[in-house]
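# Structural characterization, general
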Amino acid sequence: MSGFAHDVAGGSGNLVAAQVQSPNFEHGVSGWIIRKDGSAEFQDVIIGGGGTGITATFSATAPASPATGDLWYDTSDGLLLSQWDGSAWVAYQIGTGAIDAGAITATQLAAGIVYAGIVDSTTVNAATFTGSVFEGTDFVINAAGQFFYSATPAAGNLTESVARTAGTDALGNHYVAGHATYGATFAASLAAGFMVMYTGSLPGGWTQTATVETSSLGDLVLFASNVISLAGDVSIGGTLTLGSPLPVSGSSSSAGLPDGTIHGTSGGASAGTSHTHGPGSFAVGN
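To keep things clear, this report deals only with the structure shown in the data block. Note that the structure is predicted; figures quoted are calculated from it, not measured.

Before going further, it helps to spend a moment on the overall build of the protein. Along the protein, the regular secondary structure elements total 1 helix and 27 strands. Within the protein, the proportion of its 286 residues that are buried is 19%. For the protein, contacts bridging at least 24 residues in sequence account for 9% of all contacts bridging at least 6. A total accessible area of about 19,200 Å² is found for the protein, and carbon and sulfur atoms account for 57% of it.

Next comes the structure, spelled out in structure tokens:
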């Protein structure tokens, strides 16, 4: 080492010792080291702005006296990047030009890796996805529509769907077009201003049984293929118009429905088919 000013660097400042390090150097914990082979390790680093006036600091603790615009890589939190806005450290998002195409993969997204606020655990913010399938704990969204289940998506537990056309999901559940809800043997769908009722099942498929819609005049129109059974009374405020005779079945006792014919005259008693009327009343024929 003779001829050199000291035994660490010689010539034009070339490092001739195997390495030079700080007294407190501990790999991955504290201090710094520069090795003759060109490798180095620094636990806390401040990088000058190169004329920009911005300093980047790598440290487990925030810089004590930052200037507006300074950057801080938090080494205790996976190099979380923040920028000093003059009063506080705020999350700093890198530009899209700093991310190569294909750099973020489905594996990384599934692992919940954080990318400067773009992906936070399992939350994806302000992103557009094309041609993808999204499956959650109880839903599936794909090109066919949106499908919601009572638990983990499986055969038999589809409860709601929003689809352009009818079809069958990948689990074997039959669904109908429109915004539909499903029961054990019944499904109802809203689409294009009308409601459709179905009977059937998720595994067996659905058969349309009735439609409720409105006409261009605002009339309520009901189309049904089955007989409607009412347990209560029906009240009609306007005029009931029948396009054909209305078949009605009455009681199977001694009388049916009246035919509207008035029998007898006021005065003495008159006998109806199954009823006796007092004086001053009329009998209506059955």
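Below, the discussion takes up the packing of aromatic side chains. Tallied over the full model, the rule gives 6 aromatic pairs. Connected via pairs of aromatic rings, a cluster forms that spans Trp72, Trp84 and Trp89.

Okay, the sheet that holds strand E3 (residues 19–21) next. Read from one edge to the other, the open sheet built from 3 strands follows the order E3-E4-E5, with strand pairing classed as antiparallel. Looking at the sheet topology across the chains shown, the edges are occupied by E3 and strand E5 (40–42). Taken over all neighbouring pairs, the strand axes of this sheet differ in orientation by 10 degrees on average, direction set aside.

Along the polypeptide, Glu41 turns up in strand E5. A polar side-chain atom of Glu41 sits 2.7 Å from a polar atom in the side chain of His27.

Inspection of the secondary structure assignment puts Asp70 in the loop between strand E7 (56–59) and strand E8 (71–74). Buried charge without a partner: Asp70 forms no salt bridge, and the closest opposite charge is Arg35, 27 Å away. At 2.8 Å, the side chain of Asp70 and the backbone nitrogen of Ala67 are in polar contact.

Another point: a nonpolar patch on the surface. Nonpolar side chains collect at one region of the surface, where Val234, Ile236, Leu240 and Leu242 lie side by side and expose about 400 Å² of accessible area between them. Position of Ile236 among the secondary structure elements: in the loop between strand E23 (220–224) and strand E24 (262–263). Residue Ile236 is classed as partly exposed on the basis of its relative accessible area, which comes to 49%.

Let's shift gears to the sheet that holds strand E22 (residues 205–214). Backbone-to-backbone hydrogen bonds pair the strands of a sheet. The strands run either parallel or antiparallel. If you trace the 9 strands from one edge of the open sheet to the other, you get E13-E14-E15-E16-E19-E20-E21-E22-E23, paired in antiparallel fashion. Whereas interior strands pair on both sides, the edge strands pair on one side only; in this sheet they are strand E13 (134–135) and E23. In this sheet, E22 lies alongside strand E21 (residues 194–201) in antiparallel orientation, the contact comprising 7 bridges. Within E22, the position partnered with Tyr198 by the bridge is Gln208.

Each value, and the rule that gives it
- Residues numbered from 1 in each chain as written.
- Predicted model: local features only at pLDDT ≥ 70, side-chain atom pairs only at ≥ 80, totals over all residues.
- Heavy atoms only, no water.
- Helix = DSSP H or I, 4+ residues; strand = E, 2+ residues; numbered from the N terminus.
- Buried < 20%, exposed > 50% of the residue type's maximum accessible area, 1.4 Å probe, protein only.
- Contact = heavy atoms within 4.5 Å.
- Areas by Shrake-Rupley, 256 points an atom, 1.4 Å probe, with all protein chains shown as cover.
- Phe/Tyr/Trp six-rings, centres within 6.5 Å; stacked < 30°, edge-to-face > 60°.
- Pairing = 2+ DSSP bridges.
- Axes fitted to C-alpha atoms, helices over the stretch in contact; angles between N-to-C directions.
- Polar contact = N/O pair within 3.5 Å; in protein donor to acceptor, adjacent residues only side chain to side chain.
- Lys, Arg positive; Asp, Glu negative; His and termini not counted.
- Salt bridge = Lys/Arg side-chain N within 4 Å of Asp/Glu carboxyl O.
- Patch = residues over 30% accessible without salt bridge, like charges linked within 9 Å, V, L, I, M, F, W, Y side chains within 5 Å.

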